[in-house]
Amino acid sequence: MKDWAKSFYQSKAWIKCRKSYLISANYLCERCNEIAVIAHHRIYLTPHNINDPTITLAHSNLEALCQDCHNKEHHKAVRQAGRYAFDEAGNVVQPPSSPPIVDGS
């Protein structure tokens, strides 16, 4: 976790929001239906939007994910941000024209 995000992720507002979202998703990963343990922000958090509750605390910006799917999401973003990009099978593909934003978790 990035230093700029620590106070947000430890806040009562986030803890309450995370719990209510995971309950609403029945603690099921929205990608594979395994047990969800993470309320993932679809729009990645940055130092510029960390104080915007319409991004940080909106259920519409959250996705219930298991640890494996969350890891895949973030590893995909890191792979694509580099000089080369890879598809799900590990084949080299043309990298995107601009790297995606990677959040601090």
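## As for the overall build of the chain
Next, step 1: Counting its secondary structure elements, the chain contains four helices and four strands.
Next, step 2: Starting at the N terminus and ending at the C terminus, the chain contains elements arranged as α-α-β-α-β-α-β-β.
Next, step 3: Partitioning the intrachain contacts of the chain with sequence separation of at least 6 by distance along the chain shows that 55% fall at a separation of at least 24.
Next, step 4: Carbon and sulfur atoms form 54% of the exposed surface of the chain, whose accessible area is close to 6,800 Å².

## A few points about the side chain of asparagine 49
Next, step 1: Assignment of secondary structure puts asparagine 49 in the loop between strand E1 (38-41) and helix H3 (53-56).
Next, step 2: Within the structure, the side chain of asparagine 49 is placed 3.2 Å from the backbone oxygen of tyrosine 44, a separation counted as a polar contact.
Next, step 3: If we skip the residues at most four places from it in the chain, asparagine 49 touches Ile43, Tyr44, Ile55 and Thr56.

## Details of the pairing of E1
Next, step 1: Residues Ile38 and His40 point to one face of E1 and Ala39 and His41 to the other, with burial holding for every one of them.
Next, step 2: Sheet topology places E1 next to strand E2 (residues 62-65); four bridges connect them, and they run antiparallel. Bridged to histidine 40 within E2 is glutamate 63.

## Re the pattern of salt bridges
Next, step 1: By the definition in use, this model includes five salt bridges.
Next, step 2: A salt bridge links glutamate 30 to arginine 42; the nearest nitrogen and oxygen atoms lie 3.5 Å apart. You can see glutamate 30 sitting in the loop between helix H2 (12-24) and E1 and its partner arginine 42 sitting in the loop between E1 and H3, a full 12 residues away along the chain.
Next, step 3: Among the residues examined, glutamate 30 registers a relative accessible area of 37% and is labelled partly exposed.

Cut-off values and rules
- Residues numbered from 1 in each chain as written.
- Predicted model: local features only at pLDDT ≥ 70, side-chain atom pairs only at ≥ 80, totals over all residues.
- Heavy atoms only, no water.
- Helix = DSSP H or I, 4+ residues; strand = E, 2+ residues; numbered from the N terminus.
- Contact = heavy atoms within 4.5 Å.
- Areas by Shrake-Rupley, 256 points an atom, 1.4 Å probe, with all protein chains shown as cover.
- Polar contact = N/O pair within 3.5 Å; in protein donor to acceptor, adjacent residues only side chain to side chain.
- Buried < 20%, exposed > 50% of the residue type's maximum accessible area, 1.4 Å probe, protein only.
- Pairing = 2+ DSSP bridges.
- Salt bridge = Lys/Arg side-chain N within 4 Å of Asp/Glu carboxyl O.

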